[in-house]
Amino acid sequence: MSLFDKLLKIKDEKGAGFFLLLDPDRVDRKRLIDVAENAEAFGVDAILAGSSFVSTANFGDQIKAIKSSTDLPVIIFPGGSGQVSRDADGILFLSLISGRNPSYLIEEQVKGAPLIKAYGLEPIPTGYMLIESGTMTSVQYVSHTLPIPRDKNDLAMAHALAAQYMGMKMVYLEAGSGSSKAVPESMIKAVASYCDLPVSVGGGIKRPEDAASRVSAGASFIVVGTRLEFENDYRFMAEMADAIHTKTGSPV
Ligand code: 1GP
């Protein structure tokens, strides 16, 4: 079974999937290993690893450390073509479709594709959409793109449908890491009911109720980074999993 099919199965069986995002640039090795070792027991379904801006020289080693500490799928969530590692299971093959910067629409993809093939990573073609969240986020700054205004559901819907028609397998609605406002439920509902692709939602999801309301709006996968990156708060991780897994109840 492909990695993508495994993710769809998780969504079908549990109601939605819980992706933990670890930023190899921000989190030290000891913490990465600790959280990767414990994530499965506390309800995480897959680990995403990546950053909009990586300054560590040890990206590959950090991915290797995560992969050797867990049986969960490890999926690279890259900020650019430099973030490809042979030690992951797959990679979100992102195109920043909310923007009009060719570097992030196609150029980084062309640079990264041969390495993805050489490493045997499964690419998951993903239409990545930045959604305005009140302040300028790192992705916005680094990519030189404007986010979709948070009250313009019609724009988000049209972008998602274009992603579907271009053959992408998923859309990702991104409010930005650490943002004060998560993607609005009404936009998730509009996008999920308009296109046939599974919808991942991340950025600023800090409470189980934030996650639950986005799953009930139609999100297939919830991404949580900042709130779980630095604290050994496994009780909270389990509560988050419980809120996301609407079909299974508490994982612990
Ligand atoms: C960012 O969507 C992810 O790319 C996760 O965001 O760090 O705010 O949880 P947070």
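Conventions we followed
Residues numbered from 1 in each chain as written. Predicted model: local features only at pLDDT ≥ 70, side-chain atom pairs only at ≥ 80, totals over all residues. Heavy atoms only, no water. Helix = DSSP H or I, 4+ residues; strand = E, 2+ residues; numbered from the N terminus. Rg over C-alpha atoms; globule rule 2.2 N^0.38 Å. Buried < 20%, exposed > 50% of the residue type's maximum accessible area, 1.4 Å probe, protein only. Contact = heavy atoms within 4.5 Å. Areas by Shrake-Rupley, 256 points an atom, 1.4 Å probe, with all protein chains shown as cover. Lys, Arg positive; Asp, Glu negative; His and termini not counted. Charge placed at Lys NZ, Arg CZ, Asp CG, Glu CD. Near = heavy atom within 4 Å. Polar contact = N/O pair within 3.5 Å; in protein donor to acceptor, adjacent residues only side chain to side chain. Nonpolar A, V, L, I, M, F, W, Y, C, P; charged D, E, K, R; others polar.

Asks: An account of the overall build of the protein chain is requested, with residue identities and associated values reported.
Replies: In terms of regular secondary structure, the protein chain is built from ten helices and eight strands. A compact globule built from 252 residues would reach a C-alpha radius of gyration of about 18 Å, and the protein chain, at 16 Å, matches this within 12%. The principal-axis extents of the C-alpha atoms in the protein chain amount to approximately 40 × 40 × 35 Å. Across the 252 residues that make up the protein chain, the buried fraction comes to 55%. Expressed as a percentage of contacts within the protein chain between residues at least 6 apart in sequence, the contacts between residues at least 24 apart total 73%. In the form shown here, the protein chain has an accessible surface area of approximately 10,800 Å², with 53% of it arising from carbon and sulfur atoms. Each charge class in the protein chain can be summarised by its mean position, and for the 25 positive and 30 negative side chains these summaries are 2 Å apart.

Asks: Talk me through the environment of Val110; I want residue IDs and the actual numbers.
Replies: By the secondary structure assignment, Val110 is in helix α4 (residues 102-119). A relative accessible area of 53% places Val110 in the exposed class. Residues Val110 and Ser81 lie 29 residues apart in sequence; the distance between their C-alpha atoms is 8.3 Å.

Asks: Tell me what's going on with the site of the ligand, and back it up with residues and numbers.
Replies: Around the ligand, the surrounding shell holds 13 residues, and the nearest of these are Glu174, Ser177, Gly178, Gly225 and Thr226. In the environment of the ligand, an oxygen atom lies 2.8 Å from a nitrogen or oxygen atom belonging to the backbone of Gly204. The separation between an oxygen atom of the ligand and a polar side-chain atom of Thr226 is 2.5 Å. The class makeup of the residues in the shell around the ligand is four nonpolar, eight polar and one charged.

Asks: An account of the environment of Leu94 is needed here, citing residue identities and associated values.
Replies: Checked against the element boundaries, Leu94 lands in strand β4 (residues 90-96). Residue classification places Leu94 among the buried positions, given a relative accessible area of 12%. Once the C-alpha coordinates of Leu94 and Met136 are considered, the two residues, 42 residues apart in sequence, prove to be 20 Å apart. Those residues in contact with Leu94, other than ones at most four positions away along the chain, are Phe77, Pro78, Tyr104, Gln109, Thr126 and Tyr128.

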